[in-house]
Amino acid sequence: MTVFIFAEFSANCFGQGVTPQAVQEAIDQFANYFRRTQIRKKAERDGAWQGHEDQGAGLTSLIVLALLSSGRSPNDPEIARAMEYIRRKKPEKVYEASLQCMVMCACQPGRDRDLIERNIAWLVKAQQRSDGGWSYEQTSGMSDESNSQFAVLAFWEASKIGVDIPADTLQRAKSYWMTQMLPGGTWGYRGDRAAKGSMTCAGIASMVILEDALDSMDATVNGEQIVCCGSGREKRNYDPSVSIEWLADNFSVNDNPGHREWYMYYMYALERVGRMTGQRFIGNHDWYREGADAILRRRDSVGGKIRGVSAETEVAATAMALLFLSKGKRQVVIGHLQHGVNPNSNDWNRHRRSVQHLTGHIELAWKRDLAWQSLRIQRATLPDLLETPVLFISGADEFVLTPQHRRLLKDYVDQGGFIFAEACNGDGCRGNAFEESFRREMELIFDKPLQKLPPTHPIWSAEARLNPEALPEGFWLYGLEACCRTSVVLSPSSLSCRWELSKPYGAKPNYPKKVKDQLDNAVKIGLNVVAYATGRELKDKLEAVQIVQADLDRQSLERGSLAIAKIMHSGGGDETPRSLSNLLELYRRETKAMVEPKTPKLAANSPELDKYPIAYIHGRSKFVFSEDELKGIRRHIENGGTVLGDAICGAEDFSNSVRREFSRALPDAIWRTIPPDHPLMLKEGPGGFDLRNVALIDPSSGGNDVQAARREGPAEIEALELNGRIVVLFSPNDLSCALESKHSLQCKGYTREDAFRIGMNLILYSLMQ
């Protein structure tokens, strides 16, 4: 499949060369290495891997966890054989008990529920009563940060499948990590006062897990009343930003900061911190891109393993490298924008667990692992914002943008991004200032106000059925149309408060029905908005950011450059003003041909039309040409010109008008549908793209359901033929909205990538006639 790479951006020079394909190749090589090295036909060790025998089934559990994270099935022969070995082993060490628990939760938790509960009870008993940490053994020993980290990770995974973890165990574990924390939010090892990267990452992840498990949240429930905006602040005695600042100042993907050994152990922990705290950047470093590049450089491409790792066996290091690459490359589904002049303000993040919990609910609905991230508007570039398809903006205080930031958000939406905002208002929040100022800023940016969304809008049911009439009194969503779809949505009441209270995993609090209904509705709204905005289509984490933006200020080119005029009419002839320019820009990049960036808007009877061998027509409503305009169309065609076009949003009125008016202009011409074997449709044809299997979004076939609305098949292209020559090529399905910004669930039309393919073929075929 051909993929358009429009532009490629990275935070700095490190890791720019790493691609999704290179990472996947390394993942496959590591997996094959484990297939080759698994022990077979040895009764006691059958299904295990060689090494770290002092940790029982710990190493084998780590490897299977890595293989599962890379996408391998529990039914793969190697995994099935290894799991039988793991199930036979009773835990004797903390590492072993923890990793066994983690892999059983990831593989077949229903089948292994009893064993998972056995291991959790074992770990609860192994907790050191003296300090709340864990040592290597169950009975005695000195606690250390490494064993303690893996015990917490096991509790986290078990809690996701509903296993109850005693609250006093979690509280003692939190006390352990707080006591061991050094000044500056860092951690060493067993009392060592020197901060280490691996142990600091272990501490950050453990504290994030424990605070979430202990309900250290900013929202609470008092009877049937939800209380938002700060009820849990007093419980917060750990700020991860301080620890992350140390990681940024000491950032490395080439060694373990503060330690010469345990490099891959550190990298596995670094991935966990980046993913769990929603950090795409640690400082100015794109931790996953740079880390993946560093791991790929350490790979033995012949043996398919990690080489040259101090203090770590090759097999354990390779497993942790596989975990870093697999878990870290999860697709980003939503970004949380840090706004405001004061970098220390928490107005943007009044409910700290909210986006994390919403992402968890989306994972459950879409049945795939996903990621979220936070972005700081003062540092963000357009490519940074486009790494996330949905930008969540929340607050209670006044929302004020600089002219530069207004331009940034405008460009983000123009390039297909979606803004999802909420005013933290009601139930203890006072967000009127945010709502009023956000509305004002959006109107400044888009020259139109936010409007109340109708009950029939697909956003109410894109993922989960929701009855808008059943929402709390006064609640509604407001939207703003931009680029053929609703591209900005505002909730005047706090959704994030309710997302935070609605944990996606584990045992659910026994809230009153009134509260449960509110939480359920808030989660459904979040699911629907994200599904509507993305169509469940997300970019790979390392995939180049796609920006198509014609430079209309570029100097006009000389004779010989491709120029296309736009035919104007009363049916919305310029409703998507950038679509044709964007198509021409892509044509320029793909073919290296000279292109005139400006697309003049001409009436059909304009004498200027004869200067353009190709003209384009699109619109949304019915129209009628005058007799003079019919003559102009006829003259353009008779002089060898061709007309290309599409119906914006698949508008039938416009399609009917095109067929009727061009037949009036050319009564001897015949309309026909282009068959799948026509050269226009073939990769071997003039266009170079195969149009026999393209993706069409058709709301009529799926209602407002994202998945059901998508179907694949040959592109539907109609041709008007005169005296053996095709003079008009027309798509009754939308191309323009997709070319302008992004395809929409509200439009019958092609996905953006396929719209560009179709457009390219139309131009190149026309030029070859």
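The following refers to the structure shown. Computed from a prediction, not measured in an experiment: that's the story for all the values here. (Residues numbered from 1 in each chain as written. Predicted model: local features only at pLDDT ≥ 70, side-chain atom pairs only at ≥ 80, totals over all residues. Heavy atoms only, no water.)

Notes on the state of the cysteines
And then number 1: Taken as a whole and judged by the stated rule, the model has 3 disulfides.
And then number 2: The disulfide bridge from C649 ends at C747, spanning 1.6 Å between sulfur atoms. Placement of C649 in the loop between strand 17 (642-647) and helix 21 (652-665) and of C747 in the loop between helix 23 (736-740) and strand 23 (749-750) is noted, with a sequence separation of 98 residues between them. With respect to burial, C649 and C747 carry one shared label: buried.
And then number 3: Free of any disulfide, C101 has its nearest neighbouring cysteine sulfur in C105, separated by 4.2 Å.
And then number 4: Judged by its relative accessible area of 8%, C105 is buried. (Disulfide = S-S within 2.5 Å. Helix = DSSP H or I, 4+ residues; strand = E, 2+ residues; numbered from the N terminus. Buried < 20%, exposed > 50% of the residue type's maximum accessible area, 1.4 Å probe, protein only.)

Let's talk about the environment of N32
And then number 1: Structurally, N32 can be placed in helix 1 (residues 20-37).
And then number 2: Separated by 432 residues in the primary sequence, N32 and A464 have C-alpha atoms spaced 40 Å apart.
And then number 3: At 3.1 Å, the side chain of N32 forms a polar contact with the side chain of R35. (Polar contact = N/O pair within 3.5 Å; in protein donor to acceptor, adjacent residues only side chain to side chain.)

Concerning the packing of aromatic side chains
And then number 1: Following the criterion strictly, the structure yields 24 aromatic pairs and no others.
And then number 2: Seen in terms of ring centroids, W177 and W187 are 5.9 Å apart; in terms of plane orientation they differ by 75°. Their pairing is edge-to-face. Residue W177 is found in helix 7 (residues 167-180), and its partner W187 is found in the loop between helix 7 and helix 8 (197-213); the two are separated by 10 residues along the sequence.
And then number 3: A residue is classified by how much of its surface remains accessible, and W177, at 0% relative accessible area, is buried.
And then number 4: By relative accessible area, W187 is classed as buried at 0%.
And then number 5: Members of the aromatic cluster, joined through ring pairs, are F623, F625, F654, F662 and F730.
And then number 6: Over the face of the ring belonging to W156 we find K160, whose NZ or CZ atom lies 4.0 Å from the ring centre.
And then number 7: Sitting above the plane of the W476 ring, K452 keeps its charged end 4.8 Å from the centroid. (Phe/Tyr/Trp six-rings, centres within 6.5 Å; stacked < 30°, edge-to-face > 60°. Lys NZ or Arg CZ within 6 Å of the ring centre and 35° of its normal.)

Remarks on the pairing of strand 7 (residues 331-338)
And then number 1: Taking burial as the measure, the 8 residues of strand 7 include 8 buried ones, the bulk of the element.
And then number 2: At this point the chain moves from strand 7, through helix 13 (residues 354-366), to the parallel strand 8 (residues 370-376), and the crossover so formed is right-handed.
And then number 3: Bridging between strand 7 and strand 9 (residues 390-395) involves 2 bridges; their strand directions are parallel. Counted as the bridge partner of G335 is L391 from strand 9. (Right-handed = clockwise from strand over helix to strand, strands pointing away. Pairing = 2+ DSSP bridges.)

Some thoughts on helix 16 (residues 432-446)
And then number 1: With 15 residues, helix 16 should cover 21 Å at 1.5 Å per step; its first-to-last C-alpha distance of 21 Å lies within 8% of that length.
And then number 2: Where helix 16 is concerned, the buried positions are F434, E435, S437, F438, E441, M442, I445 and F446.
And then number 3: Each element contacted by the buried residues of helix 16 is listed here: strand 9, helix 15 (403-414), strand 10 (418-423), strand 12 (478-482) and strand 13 (485-491).
And then number 4: A positive phi of about 60° marks D447, the residue just after helix 16. (Expected span 1.5 Å × (residues − 1). Contact = heavy atoms within 4.5 Å.)

Quick word on the nonpolar core
And then number 1: Counting residues in each nonpolar core, the largest one holds 103 residues, and the members touching the most others are M264, I295 and L325.
And then number 2: With residues up to four places along the chain from it excluded, the contact list for L325 reads V23, A26, I27, F30, Y288, A292, I295 and L296. (Core = buried A, V, L, I, M, F, W, Y, C linked by side-chain atoms within 4.5 Å.)

Considering empty space enclosed by the protein
And then number 1: Under the definition given, this model contains 5 cavities of 30 Å³ or more.
And then number 2: Within this model, the second largest cavity holds a volume of roughly 50 Å³.
And then number 3: Looking at the second largest cavity, the residues that line it are G274, R275, Q279, R280, W287, V332, A371, W372, Q373 and K541.
And then number 4: Take the lining of the second largest cavity: its biggest share by element is 3 residues, from strand 8.
And then number 5: Of the residues in the lining of the second largest cavity, the class split is 4 nonpolar, 3 polar and 3 charged. (1 Å grid on protein atoms, 1.4 Å probe; cavity = no way out; pocket = protein on both sides within 12 Å on 5 of 7 lines; lining within 4 Å. Points joined across faces, edges and corners; volume = space filled by probe spheres on them. Nonpolar A, V, L, I, M, F, W, Y, C, P; charged D, E, K, R; others polar.)

Quick word on the pairing of strand 8
Along any regular strand the residues' side chains alternate between the sheet's two faces.
And then number 1: Counted residue by residue, strand 8 has 6 buried out of 7 residues, so it is predominantly covered.
And then number 2: Across 7 bridges, strand 7 lies against strand 8 in parallel orientation. The residue of strand 8 that forms the bridge with Q338 is R376.

Concerning the sheet that holds strand 19 (residues 694-697)
And then number 1: Spatial ordering of the open sheet is given by 20-19-23, a layout of 3 strands whose pairing is antiparallel. On the outer flanks of this sheet lie strand 20 (710-713) and strand 23, each paired with one strand and no other.
And then number 2: Where strand 19 lies against strand 23, 2 bridges are found, and the strand directions are antiparallel. Looking at strand 23, one finds that I697 is bridged to G749.

A word on the sheet that holds strand 22 (residues 725-731)
Backbone-to-backbone hydrogen bonds pair the strands of a sheet. The strands run either parallel or antiparallel.
And then number 1: Taken together, the 7 strands give an open sheet; going across it, the order is 15-14-16-17-22-21-18, and neighbouring strands pair in mixed fashion. Looking along the sheet, the strands with just one partner apiece sit at the ends: strand 15 (601-603) and strand 18 (670-673). Here the average twist between neighbouring strands, direction ignored, is 30°.
And then number 2: Sheet topology places strand 14 (residues 564-568) next to strand 16 (residues 614-619); 3 bridges connect them, and they run parallel. Across the sheet, A565 pairs through a bridge with A615, a residue of strand 16.
And then number 3: Sitting on the sheet, helix 20 (residues 627-638) touches strand 14, strand 16, strand 17, strand 21 (718-722) and strand 22, and the angle it makes with strand 17 is about 125°. (Axes fitted to C-alpha atoms, helices over the stretch in contact; angles between N-to-C directions.)

Some remarks on the pattern of salt bridges
And then number 1: Evaluated as defined, the whole model comprises 60 salt bridges.
And then number 2: A salt bridge links R111 to E84, with the shortest nitrogen-to-oxygen separation between them at 2.9 Å. Of this pair, R111 sits in the loop between helix 4 (94-107) and helix 5 (113-126) while E84 sits in helix 3 (residues 77-88), and the two are 27 residues apart along the sequence.
And then number 3: Taking the shortest distance from any N to any O, the salt bridge between R660 and E661 comes out at 2.8 Å.
And then number 4: Each of R280, D286, R289, D384, E387 and K539 takes part in salt bridges that share partners, so that together they form one network. (Salt bridge = Lys/Arg side-chain N within 4 Å of Asp/Glu carboxyl O.)

Focus: the packing of helix 4 against helix 6 (residues 145-160)
And then number 1: Packing of helix 4 against helix 6 leaves a shortest axis separation of 8 Å and a crossing angle of 25°. Taken together, the axes of helix 4 and helix 6 are roughly parallel relative to one another. For the pair helix 4 and helix 6, the sense of crossing is left-handed. Between helix 4 and helix 6, the contacting residues are V94, Y95, S98, L99, C101, M102 and C105 on the first element and S146, N147, F150, A151, L153, A154, E157 and A158 on the second.
And then number 2: Residues that form the contact of helix 4 with helix 6 fall into these classes: 11 nonpolar, 3 polar and 1 charged. (Parallel < 35°, antiparallel > 145°, perpendicular 65-115°, else oblique. Left-handed = near helix turned anticlockwise from the far one by under 90°.)

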